[in-house]
Amino acid sequence: MSALLEVEELQVSFGRTAAVRGASFRVAKGETHCLVGESGCGKSVSALAVMNLLARGGQRSAKRMSFAGTDLTSLSDREMARLRGNRMAMIFQEPMTSLNPAFTIGSQMAEVLTRHKGGSRAAALDRAAELMGRVGITAPGMRLGQFPHQLSGGLRQRVMIAMALMCDPELLIADEPTTALDVTVQAQILRLLASLKREFGLSILLITHDLGIVARVADHVSVMYAGEVVERAPTAELFRAPQHPYTRGLLSCVPVPGRVQRDKPLGSIPGIVPAIGAGFAGCAFRSRCAHANETCTRAIPRRPMGDAHDYLCRLEPGWAELQPA
Amino acid sequence: MTAAIEVKNLRCEFRVRTGLMAAEKRVIAVDDVTFSVPAGSVLGVVGESGCGKSTLARMILGLLKPTAGTVLVDGKRLFDLDRKARARLIQPVFQDPFASLNPRRRIKDIVALPLEAQGAFSRAEIDRRVGGILERVGLSAAMGERMPAQLSGGQRQRAAIARALVLEPRIVICDEPTSALDVSVQAQILNLLADLRRDLGLTYLFISHNLAVVEHVASEVAVMYLGRIVERNETDALFRAPAHPYTQALLESVLTPEPGRGVPDIGLGDIMPDPSNIPPGCRFNPRCRIAVERCRHEAPARMVRPPQGMVECHLA
Ligand SMILES: Nc1ncnc2c1ncn2[C@@H]1O[C@H](COP(=O)(O)OP(=O)(O)OP(=O)(O)O)[C@@H](O)[C@H]1O
Ligand SMILES: Nc1ncnc2c1ncn2[C@@H]1O[C@H](COP(=O)(O)OP(=O)(O)O)[C@@H](O)[C@H]1O
Ligand code: SF4
Ligand code: SF4
Ligand SMILES: [Mg+2]
Ligand SMILES: [Mg+2]
């Protein structure tokens, strides 16, 4: 499948902190690609770097960063602004941060369309109402006249999704879109995203820390740790044959209902994510890895393992099957 | 044997004004809650945001006076005990360890505070106990010298647990103790809480919105909806055969890491529960898939549910 978004060896730093250290991932046309990892591993910063929305002081560079064949690093700020909200749109964990409390939902949604595509405000409001219906908001007419604080968290996230769809984007970047929501509402929003992907032919880059979400919605997965993508695989493959010790550790930490053994401890990863400065060499996971040895302080190879599956570790493919149980 | 926690017909009402001119509204945060937690066991409490879990916890801790009903902790009414005696009996661990630790004090001083407040321990005894509990929760002496901002989220939660346990209380109220943590750290903290309970014979009330976590830690589970416990039972029974449609929906919405299964259709609609506007009849009826006419005007009675539980639903 051809890639819609391709990111190769992305580096982002804030002063002396290296937030993203050579992350590579690609989002194919029409797929949901999950970027998964624990807090601070660089998921949001990677997405913001793609959108050129990094906070002040953030420096990005990449060997390659292209969207639908366009080299994103060569675009001017104006050209990038034209792409954003138009051909690629982004939604965030807390919708309130991207909704203006002083304006009605309707005027904020209409503004997105008129800014990018022109046309009348009335036509834009019609499209807003139509999309609100599409994302499962009942009585859109009434909602258009309301202010953000008058909506529940789940409704606000639906509004954000509808707003992101105003200009018919090809790529939707969703950064933890359900993390602040109750599980029942989360299920509704994730179903909505899946149906939009089908109907609008959207590609979705979904950022999450939740492996349950990954399993249920992703086509492909990139696992991040300390600013690097340490393993990439088709979803079923990642869960069937995870190779990177971090991926394996992460999977063992998740309590699974119905498979709980209450008198046994959960699997866990000892220690904490180390602070990593510029000039760090070798595997960033080594302070927590049971398989670390001194080779892990040197450059680590990316090991291919069949179709679209690779990982960053000194251990050879299939090593885990050779482990004593 | 007296129960560690015994709660009877507990109710909490708040009066809130949404604007200067707006009429006063009555928020019923907890409504007629009754249960008891045997010593040494863990009661898990689950439910959506705003259903009254933290309000219940604050009443049990004696931080909030109930509008009606009684709370007995180890057979005693907390309001009859002084602060010091209360602190030796029951302690909280909250979600956000950062907000609950004084940012300007060293970890070991924060952990020592409950001992100092008792006014009954020598400096040497305080140091000995603080050192012991820090080690027990997996923090080195060097960590004890640090300020909260210099610790990771998981380390801060360990410090909060150390502070809660330093007086050797019998009962710990955990309100979303791992919700702010990453899964790998959550697993560390859940394992620690399990070890401590076993070794020290503690009783927990364990609040979480994560059903998988509750299944892992709890011996019994109570499901709250709009201030009421709508179902309660032994953990295995509740997870195997949930009786209340809301419990069923909650369980279905857990996304287990099983690829290819997609996201289930929970079918709860988009009407959000509002504790200042509780529907007549069964309070769950506007969202219930199987509601019948009766549910719209008659509140379901509390019915026994084997082996140990209860449920409030006309059709259960
Ligand atoms: N001091 C207060 N004044 C007015 N209303 C309150 C107060 N404290 C809580 N409430 C209301 O009582 C209800 C229950 O709140 P509570 O904090 O117990 O919910 P919760 O179940 O702990 O939710 P969460 O999962 O979000 O922590 C909510 O509607 C809340 O807004
Ligand atoms: N504006 C900023 N200034 C300095 N450091 C930042 C900034 N934004 C993010 N970082 C750092 O970059 C790293 C990655 O952050 P982020 O991408 O937000 O993580 P997450 O994977 O949780 O989304 C973290 O160490 C974070 O502290
Ligand atoms: S490279 Fe070494 S330290 Fe890193 S994950 Fe592989 S074995 Fe562990
Ligand atoms: S009493 Fe009726 S509305 Fe309430 S949960 Fe049972 S079936 Fe649903
Ligand atoms: Mg983030
Ligand atoms: Mg709460």
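Our structure is the block above this text.
1. Focus: the overall build of chain A
For step 1, the next point in the chain: Along chain A, the regular secondary structure elements total 10 helices and 13 strands.
For step 2, the next point in the chain: With the principal axes as the frame, chain A shows a C-alpha extent of 65 × 50 × 35 Å.
For step 3, the next point in the chain: Sorting the 325 residues of chain A into buried and exposed places 54% on the buried side.
For step 4, the next point in the chain: When the accessible area of chain A is evaluated, it comes to approximately 13,800 Å², of which 52% is carbon and sulfur surface.
For step 5, the next point in the chain: Side chains of chain A carry 37 positive and 29 negative charges; the gap between the two charge centres is 2 Å.

2. Some remarks on unusual backbone geometry
Residue and element names in this part refer to chain B.
For step 1, the next point in the chain: P307 follows P306 through a cis peptide bond whose omega is 0 degrees.
For step 2, the next point in the chain: In this fold, P307 is placed in the loop between β11 (303-305) and β12 (309-311).
For step 3, the next point in the chain: Of note in this structure, L226 is not a glycine but carries a positive phi near 45 degrees.
For step 4, the next point in the chain: Among the structural elements, L226 can be located in the loop between β9 (220-225) and β10 (228-234).
For step 5, the next point in the chain: On the basis of relative accessible area, L226 is assigned to the buried category, the value being 5%.

3. Quick look at the pattern of salt bridges
A side chain with one charge may pair with a side chain of the opposite charge, provided their charged atoms come close.
For step 1, the next point in the chain: Taken as a whole and judged by the stated rule, the model has 42 salt bridges over all chains.
For step 2, the next point in the chain: For the salt bridge of K197(A) with D219(A), the shortest nitrogen-to-oxygen distance reads 2.9 Å. Linking K197(A) in helix α7 (residues 183-200) with D219(A) in the loop between α8 (211-217) and β10 (220-225), this pair joins segments that are 22 residues apart in sequence.
For step 3, the next point in the chain: Among the residues examined, K197(A) registers a relative accessible area of 17% and is labelled buried.
For step 4, the next point in the chain: Here D31(B) makes a salt bridge to R283(B), at a shortest N to O gap of 2.9 Å. Of the two residues, D31(B) is situated in strand β2 (residues 24-37) and R283(B) in the loop between α11 (245-252) and β11; the sequence distance between them amounts to 252 residues. Pair check on accessibility: D31(B) and R283(B) agree, each one buried.

4. Points about the nonpolar core
For step 1, the next point in the chain: Core analysis: the biggest nonpolar cluster contains 133 residues, and M109(A), I161(A) and I161(B) have the highest contact counts within it.
For step 2, the next point in the chain: Counting only domains with at least three residues in this core, you end up with domain 1 (3-87 + 169-322) and domain 2 (101-166) of chain A.
For step 3, the next point in the chain: Not counting residues within four places of it along the chain, the set of residues in contact with M109(A) comprises A128(A), M132(A), V159(A), A162(A), M163(A) and M166(A).

5. Things to note about a nonpolar patch on the surface
For step 1, the next point in the chain: A cluster of nonpolar side chains, I290(B), V292(B) and L315(B), forms an exposed patch at the surface whose accessible area comes to about 230 Å².
For step 2, the next point in the chain: Its location among the elements puts L315(B) in the segment after β12.

6. Section: the sheet that holds strand β6 (residues 90-93) of chain B
Residue and element names in this part refer to chain B.
For step 1, the next point in the chain: Pairing is mixed in the open sheet, where eight strands are placed in the order β6-β7-β8-β3-β9-β10-β12-β11. Only two strands of the sheet have a single neighbouring strand rather than two, namely β6 and β11. Strand-to-strand twist across the sheet, computed as the mean angle between neighbouring axes with direction ignored, equals 25 degrees.
For step 2, the next point in the chain: Note that β11 and β12 share three bridges and pair antiparallel. Counterpart to R305 in the pairing with β12 is G309.
For step 3, the next point in the chain: Where helix α7 (residues 153-165) meets the sheet, it contacts β6 and β7 (171-175), and its direction lies at approximately 170 degrees from that of β6.

Cut-off values and rules
Residues numbered from 1 in each chain as written. Chains lettered and ligands numbered in written order. Predicted model: local features only at pLDDT ≥ 70, side-chain atom pairs only at ≥ 80, totals over all residues. Heavy atoms only, no water. Helix = DSSP H or I, 4+ residues; strand = E, 2+ residues; numbered from the N terminus. Buried < 20%, exposed > 50% of the residue type's maximum accessible area, 1.4 Å probe, protein only. Areas by Shrake-Rupley, 256 points an atom, 1.4 Å probe, with all protein chains shown as cover. Lys, Arg positive; Asp, Glu negative; His and termini not counted. Charge placed at Lys NZ, Arg CZ, Asp CG, Glu CD. Salt bridge = Lys/Arg side-chain N within 4 Å of Asp/Glu carboxyl O. Core = buried A, V, L, I, M, F, W, Y, C linked by side-chain atoms within 4.5 Å. Domains from an automatic or database assignment. Contact = heavy atoms within 4.5 Å. Patch = residues over 30% accessible without salt bridge, like charges linked within 9 Å, V, L, I, M, F, W, Y side chains within 5 Å. Pairing = 2+ DSSP bridges. Axes fitted to C-alpha atoms, helices over the stretch in contact; angles between N-to-C directions.

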